[in-house]
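# Structural overview for review
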Amino acid sequence: MNLAQLQGFVYTAQTGSITQGARQAFISQPAMTKMIQELEKELGVALFDRVGRGIQINDAGRLFLNYVESGLDQIEEGIEAVAKPNTQQRPIRLLVEVASALIPDIIKTIHAIYPNAPIQLTQRITAVNETREFDFTISTRQPRRDRRSVPLLNEEILIGSANPDLAASTFITPNALVGQPIVSLGYHTPLRDTLDQYFDQRNLRLNFQYESDDPASIRAMLASGIGVGFIPSVTWAETGKQLHLARITPDPPFRTIYLTEGQPKEDVRTRKVANALVALFVAARAQALKV
C-alpha cells in the first residue's frame with residue numbers, strides 16, 4: 001500500500017462517498033474505486049459495505065481509519081518540521097461574521113495550532129464570493145458546496161431588555177413585539193437577516209428605533225437600558241445575563257452557525273482547528289441562556 005491509497009481511503013471514509021473522496025483527491029471516480037479495491041485486497045478485509053449504489057464504512061473500516069488518520073497526521077507534521085523550518089508562516093485569514101463575543105477564544109484556539117502565524121481578522125464582508133479568500137469562516141451564510149464545512153451551533157434567539165416589565169412573562173408573541181423600540185444590528189447584517197426573514201414570513205414590521213453595525217454597541221445599549229433587543233442564547237449569553245429575558249413563542253427563531261474552510265484540500269492542522277473550534281462552541285453551548 002502507499003500514501004495515495006491511504007489518503008484516498010481517508011477522504012472516502014470522511015465524505016462517505018467514493019465520488020466525493022475522488023473529488024478531494026483530485027482523481028477520477030474509477031481511479032478511487034480501484035485504489036480502495038486494491039487496499040481492501042491487500043488488507044484481506046472489506047473496509048466498506050456496498051449499500052445499493054453507494055458505500056458505508058464498516059467496523060473494520062472505522063478501526064483502520066483511526067490508525068490511518070493518526071499516522072498521516074504524524075507524517076504531515078514530520079514534513080512540516082523538516083521542510084523550510086525557518087520560513088515565516090503566511091497569515092491565517094479569519095472571517096467571523098457572527099459570535100463576535102467569542103473572538104478572543106477563537107483566536108486563542110487557532111493560535112494554539114498555528115503558533116507562529118499572524119492572524120488577520122475580518123468581521124464583515126460585502127460580497128458572498130469574498131468568503132473564498134479566507135482560511136476559516138464562521139458565519140450563518142449557507143456554506144459553499146465546494147468547501148468543507150461543519151455546523152458549529154444551532155441557537156435560539158431570545159428577546160431581552162433591562163426593563164423589568166419584560167420579566168412579567170417568560171413568553172412573548174411576535175405580534176407583541178410590534179411597536180416596541182427595537183435595538184438591532186443594521187440591515188443586511190447576519191443576525192438582522194435571520195430576524196427579517198422570520199418576521200417577514202409572519203407579515204410583521206418592527207420598529208427598529210436604534211441600529212448599529214457593531215454588535216458590541218448593541219450589547220452596550222441594551223445593558224444600559226435602551227430599548228428591547230434580540231439575544232442569541234449562546235453567543236450573546238454574557239449580555240443576556242444582564243437583562244430580563246423572554247422566549248418568542250410559538251415557533252421561536254433560531255440560527256445555525258457554520259465553520260467553513262477556505263481551501264478544498266484539508267491538511268492536518270486545518271482539521272485540528274476545525275475540531276478545536278467545534279469543541280469551543282460545544283463548551284459555549286453548555287452556558288446557553290435559560291428562560
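Each remark here, short or long, concerns the structure printed above.
First things first, this report covers the structure right here in the doc. Being a predicted model, the structure only gives us computed values, none of them experimental.

Reading the values: the criteria
- Residues numbered from 1 in each chain as written.
- Predicted model: local features only at pLDDT ≥ 70, side-chain atom pairs only at ≥ 80, totals over all residues.
- Heavy atoms only, no water.
- Helix = DSSP H or I, 4+ residues; strand = E, 2+ residues; numbered from the N terminus.
- Buried < 20%, exposed > 50% of the residue type's maximum accessible area, 1.4 Å probe, protein only.
- Areas by Shrake-Rupley, 256 points an atom, 1.4 Å probe, with all protein chains shown as cover.
- Lys, Arg positive; Asp, Glu negative; His and termini not counted.
- Charge placed at Lys NZ, Arg CZ, Asp CG, Glu CD.
- Core = buried A, V, L, I, M, F, W, Y, C linked by side-chain atoms within 4.5 Å.
- Contact = heavy atoms within 4.5 Å.
- Pairing = 2+ DSSP bridges.
- Salt bridge = Lys/Arg side-chain N within 4 Å of Asp/Glu carboxyl O.
- Axes fitted to C-alpha atoms, helices over the stretch in contact; angles between N-to-C directions.
- Parallel < 35°, antiparallel > 145°, perpendicular 65-115°, else oblique.
- Nonpolar A, V, L, I, M, F, W, Y, C, P; charged D, E, K, R; others polar.
- Arc of directions from axis to C-beta.

We now examine the overall build of the chain. Each helix and strand in the chain was counted, giving nine helices and twelve strands. Taking all 291 residues of the chain together, the buried fraction comes to 45%. Split by element, the accessible area of the chain, about 15500 Å² in all, is 51% carbon and sulfur. Here the chain contributes 30 positive and 30 negative side-chain charges, whose respective centroids are spaced 3 Å apart.

If you look at the biggest cluster of nonpolar residues, it comprises 28 residues, and the most contacted ones within it are I159, L177, F199 and F230. Ignoring any residue separated from it by four or fewer positions in sequence, one finds I159 in contact with L166, I172, L177, V228, G229, F230, I231, H244, L245, A246 and I248. Of all hydrophobic cores here, the second largest spans 26 residues; its members include L94, L259, V273 and F281.

Within the fold, T12 resides in helix α1 (residues 3-15). Exposure remark for T12: the relative accessible area of 0% places this residue in the buried category. Not counting residues within four places of it along the chain, the set of residues in contact with T12 comprises S17, I18, G21, M32, I36, F48 and I55.

With that settled, the discussion passes to the pairing of strand β10 (residues 228-232). Of all five residues in β10, five are buried, a share of seventy percent or more. Alternating residues of β10 divide into V228, F230 and P232 and G229 and I231, and every residue in both groups is buried. Sheet analysis places strand β6 (residues 149-161) next to β10, joined by five bridges and oriented antiparallel. By the bridge assignment, I157 is partnered in β10 with P232. Sheet topology note: the strand β8 (residues 181-185)/β10 ladder contains two bridges and is parallel. If you follow V183 over to β10, its bridge partner there is G229.

Next up on the list: the environment of A101. Relative to the helices and strands, A101 is located in the loop between β3 (92-96) and α5 (103-113). Using a relative accessible area of 42% as the deciding quantity, one classes A101 as partly exposed. Along the backbone, A101 and P215 are 114 residues apart, and their C-alpha atoms lie at a distance of 8.6 Å.

Moving on, we get to the pairing of strand β2 (residues 54-57). Of the two faces of β2, only the one carrying I55 and I57 is buried; G54 and Q56 on the other face are not. Looking at chain direction, strand β1 (residues 48-51) and β2 are connected through four bridges and run antiparallel. Residue pairing for β2: D49 is matched across the bridge by Q56. Counting the residues between successive antiparallel strands, the hairpin from β1 to β2 contains two residues, one of them, G52, with a positive phi of roughly 60°.

Taken as a whole and judged by the stated rule, the model has nine salt bridges. With a shortest N-O distance of 3.2 Å, D135 and R93 are connected by a salt bridge. Residue D135 is located in the loop between β4 (119-122) and β5 (136-139), and its partner R93 is located in strand β3; the two are separated by 42 residues in the primary sequence. Exposure remark for D135: the relative accessible area of 7% places this residue in the buried category.

On to the packing of helix α2 (residues 18-25) against helix α3 (residues 29-43). Interhelical geometry of α2 versus α3 gives an angle of 105° and a closest axis separation of 8 Å. Overall, the two elements α2 and α3 adopt an arrangement that is roughly perpendicular. In this structure, α2 contributes I18, T19, G21, A22 and A25 to the contact, and α3 contributes Q29, M32 and T33. Residues of the contact of α2 with α3, tallied by class, amount to four nonpolar, four polar and no charged.

Along α5, the residues classified as buried are I103, I106, T109, I110 and I113. Buried residues of α5, seen end-on, are gathered within an arc of 125° and therefore sit on one face of the element. Turned more than 90 degrees away from the buried face of α5, the exposed residues are K108 and A112. Packed against the buried residues of α5 are β3, β4, β5 and α9 (268-285).

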